[in-house]
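A closer look at the structure
These are the residues of each chain, in order.
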Amino acid sequence: MCLGNSRKRRPPILEVHHIKRLADGEEDTVENAIAVCPNCHRELYFGHSR
């Protein structure tokens, strides 16, 4: 999702996004997580870029 954004910054700043929400009782595992830049992480939650 954010390959273009993460290449612009060295080292890239990444945040963990859980694919299935922990609040819904899902597991906190590597398989349930992806690394995204802060902009894409915000877009995943709110559905749009600023």
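Residues numbered from 1 in each chain as written. Predicted model: local features only at pLDDT ≥ 70, side-chain atom pairs only at ≥ 80, totals over all residues. Heavy atoms only, no water.

Digging into the pattern of salt bridges
The tally for this structure, following the rule as stated, stands at 1 salt bridge. The residue R21 makes a salt bridge to D24 at a minimum N-O spacing of 3.1 Å. On the accessibility criterion, R21 (52% relative accessible area) is exposed. Overall, the relative accessible area of 51% leaves D24 in the exposed class. (Salt bridge = Lys/Arg side-chain N within 4 Å of Asp/Glu carboxyl O. Buried < 20%, exposed > 50% of the residue type's maximum accessible area, 1.4 Å probe, protein only.)

Structural notes on the side chain of H41
Note that H41 resides in helix α2 (residues 38–46). On the basis of relative accessibility, which here comes to 12%, the residue H41 falls in the buried class. Here H41 is in contact with E15, V16, H17 and V36, once residues within four sequence places are set aside. (Helix = DSSP H or I, 4+ residues; strand = E, 2+ residues; numbered from the N terminus. Contact = heavy atoms within 4.5 Å.)

Description of the environment of N32
With respect to the secondary-structure elements, N32 resides in the loop between β1 (15–18) and β2 (33–36). Judged by relative accessible area, N32 falls into the buried class, the value being 8%. N32 sits 15 residues away from H17 along the chain, and the two C-alpha atoms are 8.4 Å apart. If sequence neighbours within four positions are ignored, N32 has contacts with H17, H18, I19, K20, L22, E26 and E27.

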